[in-house]
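Coordinate inspection notes
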Amino acid sequence: MGRFSVLARDAVSALPVYEPGSPIEDVARDLGFQDASELDKLASNENALGPSPRAIDAMRGQAAGMHRYPDGGAFYLKAGIGRHLDVHPDHILPGNGSNELIELLGHTFLGPGQGIVMADGAFLVYKLVAALFGASVTAVPMTDYTHDLPRMLAAIGRDTRIVFISNPNNPTGTMVDQAAIDAFMADVPDHVVVCFDEAYIELVPDERRPDVLSYVREGRNVVVLRTFSKAYGLAGLRVGYAVAPAECIDLLNHVRQPFNVNAMAQAAALAALDDEEHVCRTRELLAAEFAYLYGEFDRLGLAYVPSEANFMLVRVGEGRAVQERLKRAGAIVRPVDAYGLPDFIRVTVGTHAENERFVRALRSCVNGGA
Ligand SMILES: *Cc1c(COP(=O)(O)O)cnc(C)c1O
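Here goes a summary of the coordinates provided.

**Examining the overall build of the chain**
Scanning the chain from N- to C-terminus turns up 15 helices and 13 strands. Whereas a compact globule of 370 residues would reach a radius of gyration of roughly 21 Å, the chain reaches 21 Å, a difference of no more than 12%. Every one of the 370 residues in the chain was classed for burial, and the buried ones make up 52%. Of the roughly 16600 Å² of accessible surface on the chain, 52% is carried by carbon and sulfur atoms. For the chain, the separation between the mean place of its 34 positive charges and that of its 47 negative charges on side chains is 4 Å.

**Digging into helix H15 (residues 352-366)**
Compared with an ideal rise of 1.5 Å per residue, which puts 15 residues at 21 Å, H15 spans 21 Å between its outermost C-alpha atoms and is within 8% of the ideal. Asn355, Phe358, Val359, Ala361, Leu362 and Cys365 are the residues of H15 that are buried. Against the buried residues of H15 lie strand E1 (40-41), helix H13 (276-300), helix H14 (319-328), strand E11 (331-332) and strand E13 (344-348).

**Let's talk about the site of the ligand**
The environment of the ligand is made up of 13 residues, and the closest members are Tyr200, Thr227, Ser229, Lys230 and Arg238. In the model, an oxygen atom of the ligand is placed 2.6 Å from a nitrogen or oxygen of the Tyr200 side chain. The side chain of Thr227 places a nitrogen or oxygen atom 2.5 Å from an oxygen atom of the ligand. Ranked by residue count, the leading element in the shell around the ligand is helix H6 (residues 97-109), at three residues. Looking at the shell around the ligand residue by residue, the class counts come to three nonpolar, seven polar and three charged.

**Concerning the state of the cysteines**
Following the criterion strictly, the structure yields zero disulfides and no others. The closest cysteine sulfur to the non-disulfide-bonded Cys195 is located on Cys248, 9.2 Å from its own sulfur. Using a relative accessible area of 0% as the deciding quantity, one classes Cys195 as buried.

**Digging into the environment of Met59**
Its place among the elements puts Met59 in helix H4 (residues 53-62). On a C-alpha basis, the gap between Met59 and Ala268 in space is 5.7 Å, while along the polypeptide they are 209 residues apart. Not counting the four nearest positions on each side in its chain, Met59 is found in contact with Leu234, Leu237, Met264 and Ala268.

**What to know about the sheet that holds strand E9 (residues 304-305)**
Pairing is antiparallel in the open sheet, where four strands are placed in the order E9-E10-E13-E12. Of all the strands in the sheet, the pair left with one neighbour each is E9 and strand E12 (334-335). The strands touched by H13 within the sheet are E9 and strand E10 (311-315), with E10 carrying the most contacts at an inclination of about 5 degrees. Against the sheet, H14 touches E12 and E13, its axis set at about 40 degrees to E13.

**As for the packing of H6 against helix H7 (residues 125-132)**
H7 packs onto H6 with a crossing angle of 35 degrees between their chain directions and a minimal axis gap of 9 Å. Like other packed secondary-structure pairs, H6 and H7 cross with a definite hand, here right-handed. Contacts between H6 and H7 involve Asn99, Ile102, Glu103 and Gly106 from the first element and Val125, Tyr126, Val129 and Leu132 from the second.

**Comments concerning the environment of Asn45**
Summarising the element assignment, Asn45 is placed in the loop between E1 and H4. Taking C-alpha positions, Asn45 is 22 Å from Cys365, a pair spaced 320 residues apart along the chain.

**Quick notes on the sheet that holds strand E2 (residues 92-95)**
One open sheet holds the seven strands; their spatial order is E2-E8-E7-E6-E5-E3-E4, and the pairing between them is mixed. The open sheet terminates on both sides in strands that have one partner only, identified here as E2 and strand E4 (136-140). Between one strand axis and the next, the sheet turns by 20 degrees as a mean value, whatever way the strands run. In terms of strand pairing, strand E3 (residues 115-119) meets strand E5 (residues 160-166) through three bridges, oriented parallel. Across the sheet, residue Ile116 finds its bridge partner in E5, namely Ile162. Each of E3, E4, E5 and strand E6 (193-197) is contacted by H7, which is oriented at about 165 degrees to E3, the strand it contacts most.

**Quick notes on the pairing of E2**
Taking every second residue as pointing to the same face, both faces of E2 are buried, with Ile92 and Pro94 on one and Leu93 and Gly95 on the other. One ladder, built from four bridges, connects E2 with strand E8 (residues 240-243); its direction is antiparallel. Bridge pairing links Ile92 to Val243 in E8.

**Looking at the packing of aromatic side chains**
What the rule picks out here adds up to 12 aromatic pairs. Considering the side-chain rings of Phe297 and Tyr304, the 5.9 Å spacing of their centres and the 50 degrees angle between planes classify their relative orientation as tilted. Centroid distance Phe297 to Phe358: 6.4 Å. Interplanar angle 85 degrees. Geometry classified as edge-to-face. Here Phe358 lies in helix H15 and Phe297 lies in helix H13, a separation of 61 residues in the sequence.

**What about the environment of Pro51?**
With respect to the element layout, Pro51 can be found in the loop between E1 and H4. What makes Pro51 partly exposed here is its relative accessible area of 30%. On a C-alpha basis, the gap between Pro51 and Ala272 in space is 8.1 Å, while along the polypeptide they are 221 residues apart. Among all residues touching Pro51, those that are not within four sequence positions of it are Ile56, Tyr232, Gly233, Leu234 and His278.

Procedures and definitions
Residues numbered from 1 in each chain as written. Predicted model: local features only at pLDDT ≥ 70, side-chain atom pairs only at ≥ 80, totals over all residues. Heavy atoms only, no water. Helix = DSSP H or I, 4+ residues; strand = E, 2+ residues; numbered from the N terminus. Rg over C-alpha atoms; globule rule 2.2 N^0.38 Å. Buried < 20%, exposed > 50% of the residue type's maximum accessible area, 1.4 Å probe, protein only. Areas by Shrake-Rupley, 256 points an atom, 1.4 Å probe, with all protein chains shown as cover. Lys, Arg positive; Asp, Glu negative; His and termini not counted. Charge placed at Lys NZ, Arg CZ, Asp CG, Glu CD. Expected span 1.5 Å × (residues − 1). Contact = heavy atoms within 4.5 Å. Near = heavy atom within 4 Å. Polar contact = N/O pair within 3.5 Å; in protein donor to acceptor, adjacent residues only side chain to side chain. Nonpolar A, V, L, I, M, F, W, Y, C, P; charged D, E, K, R; others polar. Disulfide = S-S within 2.5 Å. Pairing = 2+ DSSP bridges. Axes fitted to C-alpha atoms, helices over the stretch in contact; angles between N-to-C directions. Left-handed = near helix turned anticlockwise from the far one by under 90°. Phe/Tyr/Trp six-rings, centres within 6.5 Å; stacked < 30°, edge-to-face > 60°.

Have a look at this one:
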């Protein structure tokens, strides 16, 4: 072991590294494809329709001003989000992706001797952030691939500081409904912060979408995380936001970097927010393509978990092996063994052409085509 490892904090050297999807160009080169366009990148839950066209215009408009620091207070973006959600801008904090906000919650609320409660099949970043701050993780088993809120409630201890609820959840695509949330909120003790990570919520039709912002308006210990990476198609820019009572936002402001959201991201996010049409088209694509994919999986005799987001789990046998075979056939998907789901893969919904190509590849991979 070199000197650096000895010098590092224990929590850091012990930390596993999050496994992101490989850049598509690298995969294409490694596999001998001519061009990245021959591959379907269905591994990172990105928007198949690309960014909102209004966001692209806004970014073009910003380019010549990039020698300036951004607005460190993100005034216009906060005002825009506030109008959009009908909450006061003092209840909003934009971040460098909602992942940064998860880390800021760790800075603010977690340390040794404290812990988080999460579902065992929920987003891995919660676990990594808890470990980074030396906090313990209680991972509660899911029921039917869904957060089991009564069980999570029972798992809360005196040292619990944050309960993370990813809704809809990545990687299972399942959602807890309003009744389950209300029952949980009625009994949750007030020494914990409840974080609803709603990275995919804009993709859920209005009539099925649970409302948790009203808990923020009531001043409960609730933090809602949203992102521009999924429905708005701006993952490359890194912008998300937290909605929470002003006292909590104020604390998070203490631990963030002064210019945590770049200028181009602020402008693009603001423009995307008003592009309802792009979000609607994204939802329509998902409805049509889930119908297509469910039908194909049924035909192939593959079990799957119906999804509320823009990706889904399909049971393929040995997930890692099938993922490797699919990659060689040109479809990049995600293994989910790290979530305790070794017999599934997670596939992001692409365009219809991409999904057809994926289904063809899958058919060859699961029918013994090694
Ligand atoms: C994609 C995703 C995020 C968003 O991350 P960003 O940092 O905003 O890109 C947050 N939570 C979950 C559960 C996700 O799947």
